[in-house]
Amino acid sequence: MLVAVIGGVAGCSSVWNSSASKTADSSSPGSGPPTQIAGVALPDGYSLDSNRTIILGEGDRWIGRLSYSIGSSADQMFDFIRREMGNYGWTEVAVVRAEASQLTFLSSGGDRVASVLITRSTLYGSKVDMTVAPSTGSTVTAAPRQAGGRPR
């Protein structure tokens, strides 16, 4: 079993866990793996949360969770992400603007889903968790109902 796990991780083109990375300085704005993450809207001045970020893959094909804080308000971040994700080929699927805002996007190829959670920071600014995952590519269809009775 251990051999299978090691082989599976070795087969990944790149695995980046920011808490294990010694090159990323999570205290400096915009820190993180700039060459590993591409294809999503990231604001200037963000500060990577190295304890909550894990990235598999690289470039514009990465999947995982990217967590960061920013000095901008949650409302400003909501507007930024909603406006800028389209510039990277993402299509808005669902949006909830609330105390904790949620945005969901589908990649131009339809093979990845990005879910963005924006919350207000306790003292100042906001926190963003962006999770990018493969799309199942399936659609849910309802079974046809039969007249006068329950579906069989």
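In this report, the structure presented in the accompanying data block is examined. (Residues numbered from 1 in each chain as written. Predicted model: local features only at pLDDT ≥ 70, side-chain atom pairs only at ≥ 80, totals over all residues. Heavy atoms only, no water.)

A separate point is the pairing of strand E7 (residues 112-120). Here strand E6 (residues 100-106) runs beside E7; their pairing, made up of seven bridges, is antiparallel. Residue pairing for E7: Leu103 is matched across the bridge by Val116. In this antiparallel pair of consecutive strands, E6 and E7, the connection spans five residues, and Gly110 shows a positive phi of 75 degrees. Counting the residues in the hairpin turn of E7 and strand E8 (residues 126-134) gives five residues, including Gly125, whose phi is positive at 80 degrees. (Pairing = 2+ DSSP bridges. Helix = DSSP H or I, 4+ residues; strand = E, 2+ residues; numbered from the N terminus.)

Let's shift gears to helix H2 (residues 74-84). What H2 keeps buried is the set Ala74, Met77, Phe78, Phe80 and Ile81. Along the axis of H2, the buried residues cluster in a sector spanning 165 degrees; they form a single face. The inward-facing, buried residues of H2 abut strand E4 (63-70), strand E5 (91-96), E6, E7 and E8. (Buried < 20%, exposed > 50% of the residue type's maximum accessible area, 1.4 Å probe, protein only. Arc of directions from axis to C-beta. Contact = heavy atoms within 4.5 Å.)

With seven bridges connecting them, E4 and E8 associate as antiparallel partners. When the sheet's bridge partners are listed, Leu66 is paired in E8 with Met130. In this sheet, E8 lies alongside E7 in antiparallel orientation, the contact comprising nine bridges. Residue pairing across strands places Arg120 opposite Ser126, the latter belonging to E8.

Another aspect to go through is the nonpolar core. Soluble globular proteins tend to bury their nonpolar side chains together. Counting 25 residues, the largest nonpolar core has Ile81, Met85 and Ile118 as the members making the most contacts within it. Put simply, the parts of the chain that give this core at least two residues each are E4, H2, E6, E7 and E8. A per-element tally of this core places H2 first, with five residues. (Core = buried A, V, L, I, M, F, W, Y, C linked by side-chain atoms within 4.5 Å.)

For the rest of this paragraph, the subject is the pattern of salt bridges. In a structure, side chains of opposite charge can pair up when their charged atoms sit close to one another. By the definition in use, this model includes seven salt bridges. For Asp129, the salt bridge goes to Arg52, with nearest N and O atoms at 2.7 Å. Placement of the pair is Asp129 in strand E8 and Arg52 in the loop between strand E2 (47-48) and strand E3 (54-56), with a sequence separation of 77 residues. Of the residues examined, Arg52 reaches a relative accessible area of 36% and is grouped as partly exposed. Measuring nitrogen to oxygen at the nearest pair gives 3.8 Å for the salt bridge that ties Arg97 to Asp75. Of the two residues, Arg97 is situated in the loop between E5 and E6 and Asp75 in helix H2; the sequence distance between them amounts to 22 residues. (Salt bridge = Lys/Arg side-chain N within 4 Å of Asp/Glu carboxyl O.)

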